[in-house]
Amino acid sequence: MSIQPPLDFDAIGVGAGFAGLALAHHLREAGLSIRIFDRASDIGGTWTWNRYPGAATDSEGYYYCLTFSKEVLQEWSWSQRYPGWEETHRYLHFVADKTNLWPHIQLNTEIVAAQYQEDAGYWRVVTSAGEQYTCKYFISAMGMISHPYMPDIKGIDTFKGPIFHSSRWPQDGLDYAGKRVGIIGCGATTVQMLPVMAQTAADVTVFQRTPNFVMPAVQETTTPERDKEIKDNYEDIIAKCRNHVFGMAFDSPVGRNLADTPPEEVQRIFEEHWPRGSFRFVFETFDDLLSSAESNKAAADFIASKIKEKVNDPVVAELLTPKGYPLFAKRPPLDHGFYEAFNRDNVHLVDIKDTEPLVAITETGVQTTNNLYEFDIIVLATGFQAYTGAPEAVDIRGLDGVLLRDKWQDESASIMGVCVADFPNLFLITGPQAPFANLPTSIEQNILWITDCIKKMQREDYDVFAPRLQAQEEWSQHTAEIHAQTLMAQGDKVNSWMMGANIENRKPRVLIYFGGANVYYDKLRESVEAGFPELEFERLEA
Ligand code: NAP
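These figures come from a predicted structure and were not determined experimentally. (Residues numbered from 1 in each chain as written. Predicted model: local features only at pLDDT ≥ 70, side-chain atom pairs only at ≥ 80, totals over all residues. Heavy atoms only, no water.)

Visitor: Explain the site of the ligand residue by residue, including any values.
Guide: Around the ligand, 26 residues are found, and the nearest of them are Ala56, Cys186, Thr189, Thr210 and Lys330. Contacts to the ligand include Ala56, whose backbone N or O atom sits 2.4 Å from a nitrogen atom. Measuring from a nitrogen atom of the ligand, one finds a side-chain N or O atom of Gln192 at 3.1 Å. If you tally residues by element for the shell around the ligand, the top one is helix 5 (residues 188-200), at three residues. Each of domain 1 (9-147 + 385-538) and domain 2 (149-213 + 328-383) contributes no fewer than three residues to the shell around the ligand. (Near = heavy atom within 4 Å. Polar contact = N/O pair within 3.5 Å; in protein donor to acceptor, adjacent residues only side chain to side chain. Helix = DSSP H or I, 4+ residues; strand = E, 2+ residues; numbered from the N terminus. Domains from an automatic or database assignment.)

Visitor: Before we move on, can you summarise the environment of Met197 with the specific residues and values?
Guide: Tracing the backbone shows Met197 in helix 5. Linking Met197 and His89, residues 108 residues apart in sequence, is a C-alpha distance of 21 Å. Sequence-distant contacts of Met197, that is, excluding residues within four places in its chain, are made with Pro53, Trp169, Tyr176, Val181, Ile183 and Val204. (Contact = heavy atoms within 4.5 Å.)

Visitor: Can you tell me about a negative patch on the surface, naming the residues and giving the values?
Guide: Negative charge collects at one region of the surface, where Asp410, Glu411, Glu473 and Glu474 lie side by side. By the secondary structure assignment, Glu473 is in helix 16 (residues 469-485). Owing to a relative accessible area of 47%, Glu473 belongs among the partly exposed residues under this scheme. (Patch = residues over 30% accessible without salt bridge, like charges linked within 9 Å, V, L, I, M, F, W, Y side chains within 5 Å. Areas by Shrake-Rupley, 256 points an atom, 1.4 Å probe, with all protein chains shown as cover. Salt bridge = Lys/Arg side-chain N within 4 Å of Asp/Glu carboxyl O. Lys, Arg positive; Asp, Glu negative; His and termini not counted. Charge placed at Lys NZ, Arg CZ, Asp CG, Glu CD. Buried < 20%, exposed > 50% of the residue type's maximum accessible area, 1.4 Å probe, protein only.)

Visitor: Give me the lowdown on the sheet that holds strand 14 (residues 365-368), citing residues and values where you can.
Guide: The antiparallel open sheet is built from three strands, whose spatial order is 13-14-15. Edge positions in the sheet fall to strand 13 (358-361) and strand 15 (372-374), since each has one partner strand and no second. Strand-to-strand twist of the sheet, defined as the mean angle between neighbouring strand axes without regard to direction, takes the value 20 degrees. (Pairing = 2+ DSSP bridges. Axes fitted to C-alpha atoms, helices over the stretch in contact; angles between N-to-C directions.)

Visitor: Describe the side chain of Thr261, listing the residues and the values that go with them.
Guide: Following the sequence through the fold, Thr261 ends up in the loop between helix 7 (234-242) and helix 8 (263-273). By relative accessible area, Thr261 is classed as buried at 14%. Among the polar contacts made by the side chain of Thr261, one reaches the main-chain carbonyl oxygen of Asn257 at a distance of 2.7 Å.

Visitor: Residue-level account of the environment of Leu320, with values.
Guide: Within the secondary structure layout, Leu320 lies in the loop between helix 11 (314-319) and strand 11 (334-335). By relative accessible area, which is 2% here, Leu320 ends up buried. Beyond its immediate sequence surroundings of up to four residues, Leu320 is in contact with Gln208, Pro211, Asn212, Ile307, Val311, Phe338, Tyr339, Phe342 and Leu349.

Visitor: Help me get a handle on the domain arrangement of the chain, residues and values and all.
Guide: Split into domains, the chain comes out as domain 1 (9-147 + 385-538), domain 2 (149-213 + 328-383) and domain 3 (218-324). Computed from C-alpha coordinates alone, the two centres of domain 1 and domain 2 are separated by 30 Å. A buried area of about 2,300 Å², summed over both sides, lies between domain 1 and domain 2, and 52% of it is on carbon and sulfur atoms. Sorting the residues of domain 1 by area buried against domain 2 places Tyr52, Pro53 and Asp58 first, and these three jointly supply 29% of that buried surface. (Buried area = accessible area lost by both parts, 1.4 Å probe.)

Visitor: Tell me about the pattern of salt bridges, residues and numbers included.
Guide: Opposite charge on two side chains permits them to pair, given that their charged atoms come into close proximity. One pass over the structure, following the stated rule, counts 32 salt bridges. Here Asp251 makes a salt bridge to Lys240, at a shortest N to O gap of 2.7 Å. With Asp251 in the loop between helix 7 and helix 8 and Lys240 in helix 7, the pair connects residues that are 11 residues apart, well separated along the chain. Linked through salt bridges whose partners overlap, the residues forming this network are Glu60, Arg81, Glu220, Arg280 and Glu284.

Visitor: Break down the nonpolar core for me, with residues and values.
Guide: Soluble globular proteins tend to bury their nonpolar side chains together. Judged by nonpolar contacts, the single largest core of 139 residues is most densely connected at Tyr91, Phe342 and Trp449. Residues contacting Phe342, with those up to four places away along its chain left out, are Leu194, Val206, Val311, Val316, Leu320, Val347, His348 and Leu349. Within the second largest apolar cluster, 24 residues are counted, among which are Phe37, Ile111, Tyr116 and Val420. (Core = buried A, V, L, I, M, F, W, Y, C linked by side-chain atoms within 4.5 Å.)

Structure (structure tokens):
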């Protein structure tokens, strides 16, 4: 290999959401020149695209945040327990303003290709306008739930009214008041959207295939006292996230298994925790809900009983009750009035799994085997190609011109979700086979690893790192073994995106490291301390 030519940037990152902003900060602090590109007209990533009514975080705001600036942590106050998309978007602007990240960000620029230049060890990155930029490190900050999954439904292009994916909500808003709305899909997005839309739409009809376990969110206004308590305890909050199995500031493990608890006590504990809201119902009740099938079933039965309490029509309640799969085999959504919405006269549920399968979208609505439902607006809340969708949508070519999307055709292997064999000097933030956890926590832990790796290369004058295939095989095998032991491995039965099983004509795969986010963060740290044994470092000829 010959020496690298002068490059436009030390690092190029794609995506100006939480990950891109944190990346820009950390690499700038490490002395690198960095440019973050985003095709959107604003920063925010998920929180720029997902503008559907009711869009809000499912993590509580006080730990769904970046922690690299003590000033930001102290000066920003969340108005609610679960901030809506507008507030989260404002927060990201606040972060960019406060930490002066704007000079590193280029918006309205879509990256369509990135090719590794093997002869001189650098990346050439191409925009949709045909501009080219070179960099030593190419980094995906494209998000792990960002690439919309568009179902292959007959006639989808024929509908005369507005029809769009939920994450491509019209950026200038959409007047749905007094309109008839059809929503296809019934995941976390619909769970948030339905209760808000139902308040002003003439009618909302939800087409559901698989019901979900929906747990209460319990929205709350942040009082000045609570805000102070949060700000006084940020060191503890950050440490809790870093040490939690899902990267959240929860008090778990609780040191109690359901299997060892008398049934009356189990019910008492479930009842006590249910009104507290959030994923705390799973993580702060018993430690064995995601590992023991019997304990999981007890929690699932409890949620089913709550659905029956909340939904007046027993037929609808039955249709909304998950069957035949464990809690967390699909990612459970949080409820802001979802079940109660079905008690309204203007909300309808259509079971398209068993009762009347969806046949087509027509010029005027949705055709099932039994009925034609007419609408003014159709929302495709059909989910995402998680983890792999966004990087695969870019023409990323590594050694010998190999395409990342071809590499991931049958399995989506990586080393700890941060790099991939045959793709030197490429980093991923929360790539496949990383944990699914509170995302800002995982993002920051990934970026610390990336920054430490780059610092080592600077210190020791390396030009190229090549991820070792053996390290990748070991990580993938380890991830698969852990996955197989969990109840989440049943996600392929119910199209869970956590296994890529929601993508038609594509093999389900092990997409997530389920050994615990805290364990994974330890492994990242161990890798740094051991000098990155997963990577082979190289100097180019002078
Ligand atoms: P999702 O959970 O994957 O749900 C997609 C829905 O579309 C499912 O009900 C699915 O049915 C249905 N569907 C897919 N293809 C279909 C087809 N061809 N015909 C009929 N129905 C079809 O997607 P999502 O609701 O957008 O949520 C995805 C993830 O994004 C969440 O799990 C969460 O991690 C994240 N998210 C987070 C938040 C938050 O934190 N606030 C909010 C929204 C989303 P099946 O289940 O039968 O496949």
